[in-house]
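An overview of the molecular structure
Spelled out, the chains give:
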Amino acid sequence: MFDIVIIGAGLAGAVLAERFAQSNKKILVIERRQHIAGNCYDEVDGNGILIHKYGPHLFHTDFVDVWEYLSNFTEWHVYHHKVRAMVDGQIVPIPFNFNTLVKVFPKNLADRMEVTLLKNYGYGQKIPILELKKSADPYLQFLAEYVYKNIFLHYTEKQWGKPPEQIEGAVTARVPIFIGRDDRYFNDRFQAVPRHGYAKLVEKILSHKNIKLMLNTNFDEVGELRGDEIYLFNQKFTGRLIYTGQLDELFSYKFGALPYRSVEMKFETVDAESYQDVATVNYPNNYDFTRITEFKKIHPAQSKRTTILKEYPQNYVKGKNDPYYPVFTDEARIAYEKYSAELKNFPQIKAVGRLAEYKYYDMDDIVKKALDVFAELKD
Ligand SMILES: Cc1cc2nc3c(=O)[nH]c(=O)nc-3n(C[C@H](O)[C@H](O)[C@H](O)COP(=O)(O)OP(=O)(O)OC[C@H]3O[C@@H](n4cnc5c(N)ncnc54)[C@H](O)[C@@H]3O)c2cc1C
């Protein structure tokens, strides 16, 4: 009855469902949660404010095709994300930039650093903090050490539950110094949030007559792998299966569980119209949470109250919390490769998405990936 079955109604699953539905395929999407949109799911809370249930999601991209594709399904609210950090009792802009230098250091020291940064790296560059640390210049070394200790070290330890040296470069490279005065967190060409939220965007993507959706259903309740065959509703399924869940789960953890970091999301109502100046303030030091986000600053709303979110990182434990960030250890990499090799026995299955590929993807990257996978599989 269905040509394609898709496991997971996050962005990866939804975009692929829509693309195949447009080419006259009949699609079944199976989602274990009670809602669509995966981790970018949002909803209006009791204060009338649109909140992001799985942590703040800011859309930003340089991919024109991704922007144009998504614009078919939503209007946008232009939004440039700004982040501050509580450092030495002051709220300062991050990524650390020239505005931060003058707030944190005496003027002559800040001026000297500004000139040296410009001379060494050039205007508009983003330099990862671990690279700056290697500089031979004593002013830059001092700056690197300051940022490392006050912004990076404890935040990273909290986020990952281990010292930065044990964390892969791709992750640590995400903490840069910006050479200039641009206070925005992202520098991409397109920066916006869907005007009515991500859940409405994904609902529109999925609203094609060829797409059927089953919520509250785990794949293993309706399907299983037997030998090299796929069974769905107890019948052999010969179509394509697009799987956006965890690979270790698909193969019953036979090579061990892949480690993830999770986050406990604690939402609070504050009895004031505004809580902080910008959407997100990071707390690198002194608290168990990593950051506080105020959603009104992302999606403006008329309300006498405001909703904030405190994020408490923790290890992922199956059944207790959600898998958010892959923890890239050598052991995990080896196990993932074994699962990938196992997948080759099932040519009908295509694994796509942040869980299935055990990879950190931003939303624009995953939409791009889904569009590429469709181009690869469509014939
Ligand atoms: C805390 C946090 C903050 C983020 N912030 C940003 C941001 O600011 N900007 C940005 O661009 N990106 C951000 N991201 C990344 C963004 O969430 C991902 O790019 C996006 O969600 C990936 O989509 P996906 O479809 O691959 O995965 P998901 O959104 O996880 O969707 C997968 C879906 O599959 C379902 N599923 C899994 N297994 C099964 C199964 N066995 N049976 C049935 N259903 C199943 C899940 O329930 C889920 O709904 C953030 C991620 C996190 C964790």
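Treat the numbers as computed from the prediction; the structure is a model and nothing was measured.

Turning to the overall build of the protein chain, a few remarks are in order. Check the secondary structure of the protein chain and you find 12 helices and 22 strands. Computed over C-alpha atoms, the radius of gyration of the protein chain comes to 22 Å, within 12% of the 21 Å expected from 2.2 N^0.38 for 379 residues, which places it in the range of a compact globule. The principal-axis extents of the C-alpha atoms in the protein chain amount to approximately 75 × 50 × 35 Å. Counting only residues that meet the buried cut, the protein chain has 56% of its 379 residues in that class. In the protein chain, the share of contacts with a sequence separation of at least 24, taken over all contacts with a separation of at least 6, comes to 71%. As displayed, the protein chain has an accessible area near 17,900 Å², and 48% of this comes from carbon and sulfur atoms. Side-chain charges in the protein chain split into 50 positive and 50 negative, and the spacing between the mean points of these groups amounts to 2 Å.

This part takes up the domain arrangement of the protein chain. You can read the domains of the protein chain as domain 1 (4-41 + 63-71 + 192-259 + 327-377) and domain 2 (94-178). Spacing between the C-alpha centres of domain 1 and domain 2 amounts to 37 Å.

The next point concerns the nonpolar core. If you look at the biggest cluster of nonpolar residues, it comprises 61 residues, and the most contacted ones within it are L16, I27, L70, L206 and V367. Listing elements by their share of this core, those giving two or more residues are β1 (4-7), α1 (11-22), β2 (27-30), α2 (64-71), β11 (190-194), α8 (198-206), β17 (260-270) and α12 (363-377). Discounting chain neighbours no more than four positions away, the residues touching L16 are I6, I242, V352, A370, V373 and F374. Y243, A332, L343 and Y358 belong to the second largest nonpolar core, which has 28 residues in total.

In this section: the packing of α1 against α8. Running from N to C, α1 and α8 cross one another at 30°; their axes reach a closest spacing of 8 Å. In terms of their interaxial angle, α1 and α8 are classed as roughly parallel. Along this stretch, α1 crosses α8, giving a crossing that reads as left-handed. When α1 is examined against α8, the residues L11, A14, V15, A17 and E18 are found in contact with a partner set consisting of V202, I205 and L206.

A word on the pairing of β17. Direction of pairing for β17 relative to strand β21 (residues 325-326): antiparallel, over a ladder of two bridges. For Y260, the partnering residue across the bridge sits in β21 and is P326.

One open sheet holds the seven strands; their spatial order is β8-β7-β18-β19-β20-β17-β21, and the pairing between them is mixed. Among the strands making up the open sheet, the edge pair consists of β8 (90-94) and β21. Here 10 bridges tie β17 to strand β20 (residues 306-315), and the two strands are oriented antiparallel to one another. Bridging across to β20, R261 finds its partner in N315. Across the sheet, helix α6 (residues 138-160) lies against β7 (83-87), β8, β17, β18 (280-282), β19 (291-294), β20 and β21, angled at about 105° from β7, the strand it touches most.

Look at α1: 16 Å from first C-alpha to last across 12 residues, which is about the 16 Å you get at 1.5 Å a residue. Along α1, 10 of the 12 residues are buried, which leaves the element largely enclosed by surrounding structure. Buried within α1 are the following residues: L11, A12, G13, A14, V15, L16, A17, E18, F20 and A21. Of the residues one or two after α1, N24 is the one with positive phi, at around 70°.

Attention now goes to the pattern of salt bridges. Under the defined criterion, the tally for this structure stands at 20 salt bridges. We note a salt bridge from R195 to E75, for which the minimum N-O separation is 3.6 Å. In this pair, R195 sits in the loop between β11 and α8 while E75 sits in the loop between α2 and β6 (76-78), placing the two residues 120 residues apart along the sequence. With relative accessibility at 42%, the residue R195 sits in the partly exposed group. For E75, a relative accessible area of 52% gives the class exposed.

Moving on, we get to the pairing of β8. Of the strand pairs in this sheet, β7 and β8 are connected by five bridges, and their pairing is antiparallel. Bridge assignment links M86 to a residue of β8, and that residue is I91.

Attention now goes to the site of the ligand. With respect to spatial proximity, 30 residues lie near the ligand, and among them E31, H57, L58, Y361 and M363 are the closest. Between the ligand and A12 there is a distance of 3.0 Å, counted from an oxygen atom to a backbone nitrogen or oxygen. P56 places a polar main-chain atom, nitrogen or oxygen, 3.2 Å from a nitrogen atom of the ligand. The fraction of the free accessible surface of the ligand (1,000 Å²) that becomes covered by protein chains is 97%. Contributing elements (two or more residues each) for the shell around the ligand: α1 and α12. Counted by class, the shell around the ligand contains 14 nonpolar, 10 polar and six charged residues.

Cut-off values and rules
- Residues numbered from 1 in each chain as written.
- Predicted model: local features only at pLDDT ≥ 70, side-chain atom pairs only at ≥ 80, totals over all residues.
- Heavy atoms only, no water.
- Helix = DSSP H or I, 4+ residues; strand = E, 2+ residues; numbered from the N terminus.
- Rg over C-alpha atoms; globule rule 2.2 N^0.38 Å.
- Buried < 20%, exposed > 50% of the residue type's maximum accessible area, 1.4 Å probe, protein only.
- Contact = heavy atoms within 4.5 Å.
- Areas by Shrake-Rupley, 256 points an atom, 1.4 Å probe, with all protein chains shown as cover.
- Lys, Arg positive; Asp, Glu negative; His and termini not counted.
- Charge placed at Lys NZ, Arg CZ, Asp CG, Glu CD.
- Domains from an automatic or database assignment.
- Core = buried A, V, L, I, M, F, W, Y, C linked by side-chain atoms within 4.5 Å.
- Axes fitted to C-alpha atoms, helices over the stretch in contact; angles between N-to-C directions.
- Parallel < 35°, antiparallel > 145°, perpendicular 65-115°, else oblique.
- Left-handed = near helix turned anticlockwise from the far one by under 90°.
- Pairing = 2+ DSSP bridges.
- Expected span 1.5 Å × (residues − 1).
- Salt bridge = Lys/Arg side-chain N within 4 Å of Asp/Glu carboxyl O.
- Near = heavy atom within 4 Å.
- Polar contact = N/O pair within 3.5 Å; in protein donor to acceptor, adjacent residues only side chain to side chain.
- Nonpolar A, V, L, I, M, F, W, Y, C, P; charged D, E, K, R; others polar.

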